[in-house]
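Geometric and topological summary
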Amino acid sequence: MVHDVRIRHIAEGDWGGITELEAAVYTDLGLSEGRAALESRARASPSTCFVLDRAGEPAGYLLALPYPPFQSPDLARAEETAAAGAAPVPSANLHLHDLVVAEDHRGHGLARRLLRHLASTARAQTYEQISLVAVAGSETFWTAQGYRAHREIPLPGSYGTDAVYMSAAVPEGRRG
């Protein structure tokens, strides 16, 4: 099953599937953003947003965009700079805003595969750090991936009360 899944950049025709995946994971948690907000984040940095493609359908996705360190997008708002067509604010920090793998594809290492792809992309684009907000009890997963919690960083209320800002240095590439 996982051998026929490939990672590629998001195409316009993917948004229906991405929105369904996002809603399935986040609606019951009160964290669903909706299509317009998701698209605005991808427009802010199309080169760092990916889809897991299985037979032409999204089996997962990852959205990441440049963001100042120790800040995070507000789930209640779309990215204004992207909506206005302005260039993203230069930053050495790449914020991993969202990573979702379809329920029937979980447990096969696809999230880690997306993370390795993001790290490779971040290195190639000279980012120094990757940040994220761990929600819904996912801090343990992110800690196992090398991210460190920064509980002192205030977050927008839209993330809920158990959200934690986390970050990690972009890992060095594999040496031959």
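Residues numbered from 1 in each chain as written. Predicted model: local features only at pLDDT ≥ 70, side-chain atom pairs only at ≥ 80, totals over all residues. Heavy atoms only, no water.

Here the focus is the sheet that holds strand S5 (residues 129–134). The seven strands are arranged S1-S2-S3-S4-S5-S7-S6 in an open sheet whose pairing can be described as mixed. Both edges of this open sheet fall to strand S1 (5–9) and strand S6 (148–149), since each of them pairs with a single strand only. Both strand S4 (residues 93–101) and S5 contribute to a ladder of four bridges, which runs parallel. What sits directly across from Asn93, in S5, is Gln129. (Pairing = 2+ DSSP bridges. Helix = DSSP H or I, 4+ residues; strand = E, 2+ residues; numbered from the N terminus.)

By the definition in use, this model includes ten salt bridges. Residues participating in the shared-partner salt-bridge network are Arg6, Arg8, Asp14 and Asp53. (Salt bridge = Lys/Arg side-chain N within 4 Å of Asp/Glu carboxyl O.)

This paragraph deals with the confidence of the model for the chain. Of the residues in the chain, 91% reach a pLDDT of 70 or more, and the chain-wide mean stands at 90. Here residues 82–86 scores under 50 on pLDDT; set against residues more than four positions off or in separate chains, the count is five contacts. (pLDDT = per-residue confidence, 0-100. Contact = heavy atoms within 4.5 Å.)

Here the focus is the side chain of Thr48. Note on placement: Thr48 falls in the loop between helix H2 (35–44) and strand S2 (50–54). Judged by its relative accessible area of 0%, Thr48 falls in the buried class. A distance of 2.6 Å separates a polar side-chain atom of Thr48 from the backbone oxygen of Ala64. Excluding residues that lie within four positions of it along the chain, Thr48 makes contacts with Leu62, Leu63, Ala64, Leu65, Leu94, Leu118, Thr121, Gln125 and Tyr127. (Buried < 20%, exposed > 50% of the residue type's maximum accessible area, 1.4 Å probe, protein only. Polar contact = N/O pair within 3.5 Å; in protein donor to acceptor, adjacent residues only side chain to side chain.)

You can see Arg106 is positioned in the loop between S4 and helix H4 (110–124). For Arg106, the residues in contact, after removing those within four places along its chain, are Val25 and Val101.

Scanning the entire structure with this criterion turns up three aromatic pairs. Between Phe141 and Trp142, the ring centres sit 4.9 Å apart and the planes meet at 80°, which makes this aromatic pair edge-to-face. Residue Phe141 is classed as partly exposed on the basis of its relative accessible area, which comes to 27%. These aromatic residues form a ring-pair network of at least three members: Phe141, Trp142 and Tyr147. (Phe/Tyr/Trp six-rings, centres within 6.5 Å; stacked < 30°, edge-to-face > 60°.)

Buried residues dominate S5, accounting for five of its six residues. Since S4 and S5 lie parallel, the crossover through H4 that links them has a hand, and here it is right-handed. Where S5 meets strand S7 (residues 164–169), six bridges bridge the pair, whose relative direction is antiparallel. Following the sheet pairing, Gln129 is matched in S7 by Ala169. (Right-handed = clockwise from strand over helix to strand, strands pointing away.)

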